[in-house]
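# Examining the three-dimensional arrangement
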Amino acid sequence: MRPKREKWDTYDDETAGEEPSKDKEERQVKIVYGDSRWAYALLAVLPVFGQTLYIFSLRGGSPDDDPEDWVQSNLPQLFLFVVLSSLTFVFGMMGSLFISSKKVSALLVLWYLFCLGTIMGLSNHESTIQSHGAYNAVAFLCLAIPEGATAILVRLLITHELKFRCPKTSFVALCLVFILSVIITSHSRDDWDRGLFDASLQRKHACSIHTPVVSWDRIWEDSVVKAYSMWSWRSCEEQPIIATLNYSSQLLTIHCPTDFHGDAKYSLLPVVEGQLGSRMISWATPKIVWQTHYGGVINMRKYDSIVVQCGSYRNLVLNVPRNKKAVARVQSHNSSAQRDFYAQLEENQKTAHTTYQVKHNAPKPPSRHPVLSSQYVPRSTKLKVPNILVIYLDSISRNSLIRKFPHTMRFFEQVRNNATNNLGGPSVADAFQFLRYHSIGRTTRHNARAMFTGDPYESQLMTIWEILQDDYVTGIIDNTCAEWSAKYLEGRSAIADHRLSAIWCLPEYAGLRGESFDLFTGPWSLQRRCLVGEQVHNRVFEYINLFRKTYVDVPSFLLVKFTEGHEPSGSVIGMIDKPLSQLLQTVDLNSTAVILLSDHGLHMGILWSLGLSSSILENKLPGWFMLLPKWWTEGRNSADGIFLQENEQALVTPFNIFGTLLDLAGRDPPPRCSSYCQSAISYDLPDRNCPGAGIPDKFCGCS
């Protein structure tokens with residue numbers, strides 16, 4: 001519609017033709033829309049059109065589609081619908097404010113607000129991947145607010161109600177902003193080439209990573225995310241200690257405060273091994289059975305967690321009861337094969353290690369190959385095995401991990417520089433990084449399967465912790481109300497000696513229905529997460545320390561997954577840095593191999609939805625770092641040959657993580673994935689491109 005200009009003059013017939021005096025009201029110009037009915041009808045129809053676009057943005061795929069893959073594949077299209085919907089509402093409402101009839105203008109504004117409230121309230125407002133209404137609502141508001149501010153600014157400029165009083169100063173300011181932007185963007189690009197230990201990506205490789213001209217993710221983090229992280233901080237309400245556990249006797253004592261009058265209550269959280277499905281359980285969360293405490297002690301030998309309550313005071317006590325059957329299993333298996341370590345080294349020097357012949361264009365591994373335990377036969381000349389601690393950070397790239405974990409990265413560099421062994425002496429470990437670690441898919445499903453089973457397509461394979469159960473006491477922590485193996489192995493529950501699961505299903509963390517993960521509560525929250533008076537990640541570190549103390553005398557394998565990176569802002573994950581570095585300083589690196597890794601980079605948020613090249617690269621290049629005992633690497637070097645430093649520049653994938661974990665336990669990868677699952681420790685990985693590494697062509701980040 002074409003606006004018409006209407007003049008408001010302040011002079012009457014007697015002064016017609018004369019300029020009004022300065023003391024009279026100045027001439028004003030206002031843009032108004034004509035009073036034609038078609039203009040009103042068009043403005044009234046626009047919010048309905050905006051509602052339709054918003055409904056299109058809520059799609060989650062057909063029942064036959066994998067919801068996560070479908071949403072991630074169609075995220076730019078869904079985001080476009082949100083953008084168009086917000087533009088329709090904003091400019092339609094601004095048009096309603098400009099019409100000449102105040103009565104009609106008020107009615108139209110009320111109509112717009114009603115339509116907006118209806119679409120936000122009645123549309124699917126859950127926060128799962130396939131039901132992403134809450135995320136859409138936040139994206140809509142984040143777009144509508146700056147769009148509305150821009151529309152108002154344009155309106156003021158057109159009506160000459162806003163004037164630049166200092167054009168020269170404004171020009172100089174714009175020039176300074178431009179120069180500063182050039183400096184920031186050039187610095188952000190260099191980050192992709194740099195790693196730890198003063199290392200950088202070498203260009204003379206078959207897989208040459210094409211770094212983007214501008215890393216918008218870095219600029220976004222340095223501006224918006226840092227400002228947001230100040231607001232996202234949420235302190236947890238501290239609780240006084242009302243329960244103590246004697247770990248040697250496994251007896252818990254409750255002592256309520258003196259100002260509390262009444263009966264104490266407690267709930268022994270159930271062991272949910274094999275009971276959690278692929279979705280967050282709704283039946284287990286509300287079934288917390290409170291028991292009245294009448295004095296005495298509580299036996300915790302069969303429980304890993306308990307919630308104690310004295311009125312408004314609550315405590316969550318964690319426990320790792322020693323699994324005697326698992327200890328007997330590991331000790332009986334190792335006693336027959338254990339030899340003196342130095343005798344093994346001497347024997348191994350006489351035995352050449354045979355590696356697989358790797359083809360540059362190896363075919364895709366078979367997806368329906370049955371797995372037998374006999375495929376994972378230990379080497380005849382087996383070395384003493386180290387403990388294995390896997391720190392699994394979901395959804396963070398190598399670039400972001402280095403930036404957001406400065407304390408942890410500083411510790412890795414100290415180890416690499418032979419600066420510390422946690423006791424003030426020379427380092428007893430080596431530190432390594434993999435600059436070309438490349439994911440094989442957009443989301444966790446395929447990457448995690450390849451990482452822990454060796455096959456991204458088959459769901460009924462043995463996991464790495466099942467394969468190594470004869471050599472290790474195994475434990476898993478995944479701080480979501482879901483069992484990892486049941487989720488990604490399509491219902492099959494992978495056996496582990498310990499799995500901390502029940503506490504993540506408490507209502508204050510998982511929601512009353514066990515699946516209402518919204519934007520501000522639960523494992524995907526935009527805010528820092530609390531659980532019974534403590535940050536969620538601190539609960540994880542507490543359990544890690546208990547697990548290590550419980551099995552100090554037997555080899556242990558512990559997989560710890562953090563979901564703090566699985567949220568759109570990318571700000572929450574950084575809070576793990578300090579406690580993680582403190583944990584590593586207490587780990588005996590002479591007996592423990594530490595693997596710090598991610599499955600993929602961030603695949604959500606505004607920049608990802610826009611399809612920017614830097615965001616796509618963030619998703620394809622996760623992080624992988626390792627701390628290995630020197631006696632183990634030196635033993636392998638003298639016996640078999642070690643290629644860790646050479647492989648730091650090689651193209652590696654989650655397949656190689658699977659092979660490396662097997663290698664740490666003294667096992668070879670199975671024949672079904674021998675072309676891809678070579679260990680990054682003992683195999684001289686070839687200079688290869690995506691097809692030779694098992695990366696789909698459509699997902700390849702090599703140029």
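Residues numbered from 1 in each chain as written. Predicted model: local features only at pLDDT ≥ 70, side-chain atom pairs only at ≥ 80, totals over all residues. Heavy atoms only, no water.

So, about the overall build of the chain. A tally of regular secondary structure across the chain gives 23 helices and 18 strands. Burial analysis of the chain (703 residues in total) assigns 53% to the buried set. Sequence-distant contacts in the chain: of pairs separated by 6 or more residues, those separated by 24 or more amount to 78%. In the form shown here, the chain has an accessible surface area of approximately 32,300 Å², with 57% of it arising from carbon and sulfur atoms. (Helix = DSSP H or I, 4+ residues; strand = E, 2+ residues; numbered from the N terminus. Buried < 20%, exposed > 50% of the residue type's maximum accessible area, 1.4 Å probe, protein only. Contact = heavy atoms within 4.5 Å. Areas by Shrake-Rupley, 256 points an atom, 1.4 Å probe, with all protein chains shown as cover.)

A grouping of Val48, Trp111 and Phe114 is seen on the molecular surface, where their side chains present a nonpolar patch of about 280 Å² in accessible area. Among the secondary structure elements, Phe114 is positioned in helix α4 (residues 102-122). The class of Phe114 is exposed, set by a relative accessible area of 53%. (Patch = residues over 30% accessible without salt bridge, like charges linked within 9 Å, V, L, I, M, F, W, Y side chains within 5 Å. Salt bridge = Lys/Arg side-chain N within 4 Å of Asp/Glu carboxyl O.)

Going through the model one piece at a time under the given rule, you end up with 5 disulfides. Cys236 shares a disulfide with Cys530; S-S distance 2.0 Å. Residues Cys236 and Cys530 are joined through a disulfide that is left-handed, its torsion about the S-S bond being -90°. Placement of the pair is Cys236 in the loop between α7 (216-232) and β3 (243-246) and Cys530 in the loop between α15 (507-510) and α16 (536-550), with a sequence separation of 294 residues. Each member of the pair, Cys236 as well as Cys530, carries the same accessibility label: buried. (Disulfide = S-S within 2.5 Å.)

Most of strand β8 (residues 305-310) is tucked away, with 5 of its 6 residues classed as buried. The sheet contact formed by strand β5 (residues 264-268) and β8 spans 4 bridges and is antiparallel. Residue pairing across strands places Leu268 opposite Ile306, the latter belonging to β8. Taken together, the 6 bridges between β8 and strand β9 (residues 313-318) define a ladder with antiparallel strand orientation. For Cys310, the partnering residue across the bridge sits in β9 and is Tyr313. Here β8 folds back onto β9 in antiparallel fashion, the turn holding 2 residues, of which Gly311 has a positive phi close to 65°. (Pairing = 2+ DSSP bridges.)

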